[in-house]
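Report on the structure
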Amino acid sequence: MAERERSLRSSRINASPSEVISKDFDYSASISLTDVRENLPFIDPENLSSQDVLEVLLHLFRQKPGFVDRGHEINNKETAWVNAFLFRLNPGIDHDGMDAFVVEIIGSSVDRMAKLR
């Protein structure tokens, strides 16, 4: 029994960020630049600041059922930390052919996870 528990713990530690995230919460998201302008009028999607990146990510995640903000941090003009995971807003095209941002999961931080609320 103890060997099985060690194996399970080890598999969680060695799991990629996307495997860990997908079991807990679906962080996949995208938002068109038009929707950014409409829903976050204080943000210029063509000229994001590091605070803007965090605001867009939080806006997207808060719309999803089950999201709990256990901690977040500004990082830079492309990435931000939410719940100990580093996310990037990538420019892209949405399903309607409009300019959009697509959320990419970069990785996670055990140190940040230890500090979560």
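Below or above, wherever it landed, is the structure these notes cover. Bear in mind the structure is a predicted one, so any value in this text is a computation, not a measurement. (Residues numbered from 1 in each chain as written. Predicted model: local features only at pLDDT ≥ 70, side-chain atom pairs only at ≥ 80, totals over all residues. Heavy atoms only, no water.)

1. Some details on the side chain of Thr79
- Its location among the elements puts Thr79 in strand E3 (residues 79-82).
- Here Thr79 falls in the buried class, since its relative accessible area comes to 4%.
- Of the polar contacts made by the side chain of Thr79, one reaches the side chain of Asn75; its length is 2.6 Å.
- Discounting chain neighbours no more than four positions away, the residues touching Thr79 are Val53, Leu86, Phe87 and Arg88. (Helix = DSSP H or I, 4+ residues; strand = E, 2+ residues; numbered from the N terminus. Buried < 20%, exposed > 50% of the residue type's maximum accessible area, 1.4 Å probe, protein only. Polar contact = N/O pair within 3.5 Å; in protein donor to acceptor, adjacent residues only side chain to side chain. Contact = heavy atoms within 4.5 Å.)

2. A short note on the pattern of salt bridges
- The final tally for this structure, using the stated rule, is six salt bridges.
- Across the pair Glu46 and Arg37 runs a salt bridge, and its minimum N-O distance is 3.0 Å.
- For Glu46, a relative accessible area of 59% gives the class exposed.
- Measuring nitrogen to oxygen at the nearest pair gives 3.8 Å for the salt bridge that ties Arg62 to Asp69.
- Each of the salt bridges in this network shares a partner with another, and the network as a whole consists of Glu78, Arg88 and Glu104. (Salt bridge = Lys/Arg side-chain N within 4 Å of Asp/Glu carboxyl O.)

3. Examining the sheet that holds strand E4 (residues 85-93)
- An order of E1-E5-E4-E3-E2 is seen for the five strands of this open sheet, with the pairing classed as antiparallel. Strands with a single pairing partner mark the edges of an open sheet, and in this sheet they are strand E1 (30-32) and strand E2 (72-74). Taking the axes of each pair of neighbouring strands and ignoring which way they run, one obtains an average angle of 30° across the sheet.
- As paired elements, E1 and strand E5 (residues 99-108) share three bridges and run antiparallel to each other. Within the sheet, the bridge partner assigned to Ile31 lies in E5 and is Phe101.
- This element, helix H4 (residues 50-62), spans E1, E2, E3, E4 and E5 of the sheet and lies at about 50° to E3. (Pairing = 2+ DSSP bridges. Axes fitted to C-alpha atoms, helices over the stretch in contact; angles between N-to-C directions.)

Keep in mind that these numbers describe shape and distance, not what the molecule does.
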